[in-house]
Amino acid sequence: EWYRRAADKGDAHAQTNLGYCLQNGVGVPKNEAAGVEWYRRATKLENAQAQYNTGVCLSRGIGVRKDEAAGVEWYRRAADKGDAHAQTNLGYCLQNGVGVPKNEAAGVEWYRRATKLENAQAQYNTGVCLSRGIGVRKDEAAGVEWYRRAA
């Protein structure tokens, strides 16, 4: 109820939180489409978390028709604002050609940005890329170090 009141008044954080609650059925009946609508309202206020969540929903078809390319664009917007989860997801999409042309080196670069924000998934993904030579010169020792950081 408090999130809805603040969301109705234009608070982007409350809109994002309300969207999450609706998407996942936390304290309210689950309604994924309504959750996405609240995320979209918050994206208009440049909320990075809402941009990331919108990207997840579009990429996976949660509450909306699946559209991986549109999901990547929302990841990019949130990643540019410094959201580590969005940076990691954008890196994955680039590395694997999900919703965008495959560009392994660019994927690794986004992982590295997210590692600077202590994102464990990005640290692990960086380790995988280094260990296998995906988008970078193969360096198993450096890969193991990134696995340790992620653990």
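Everything numeric here is computed off the predicted structure, so don't read it as measured data.

A. Focus on helix 5 (residues 68-80). The end-to-end C-alpha distance of helix 5 is 18 Å, a good match for the 18 Å that 13 residues give at a rise of 1.5 Å each. Listed in full, the buried residues belonging to helix 5 are Gly71, Val72, Trp74, Tyr75, Ala78 and Ala79. On an axial view of helix 5, the arc spanned by its buried residues comes to 165°, and they lie on one face. Check the buried side of helix 5 and you find it contacts helix 3 (32-43), helix 4 (48-60), helix 6 (84-96) and helix 7 (104-115).

B. Inspection of unusual backbone geometry at higher detail. Positive phi values are uncommon outside glycine, yet glutamate 46 reaches one of about 65°. By the secondary structure assignment, glutamate 46 is in the loop between helix 3 and helix 4. Here glutamate 118, not a glycine, exhibits a phi torsion of approximately 65°, which is positive. Mapped onto the secondary structure, glutamate 118 falls in the loop between helix 7 and helix 8 (120-132). Classification of glutamate 118 as exposed rests on a relative accessible area of 61%.

Rules and cut-offs
- Residue positions are given per chain, counting from 1 as you read along its sequence in written order.
- Residue-level local features of this predicted model are given only where pLDDT is at least 70; pairs of side-chain atoms are given and counted only at 80 or more, and the full residue set underlies all totals for whole chains, interfaces and linings.
- Side-chain metrics in this entry use all non-hydrogen atoms of the structure; hydrogen atoms and water are not considered.
- Here a strand is any run of E in DSSP of at least two residues, a helix any run of H or I of at least four, and the numbering for each starts at the N terminus.
- Expected span, for any helix, means 1.5 Å times one less than how many residues it has.
- Using a 1.4 Å probe on the protein chains alone, a residue whose accessible area is under 20% of its type maximum counts as buried, one over 50% counts as exposed, and one in between counts as partly exposed.
- This arc corresponds to the set of directions leading from the helix axis out to the C-beta atoms.
- Contact criterion: two residues are considered in contact whenever any of their non-hydrogen atoms come within 4.5 Å of each other.

Everything listed here is a matter of geometry and, on its own, says nothing about what the molecule does.
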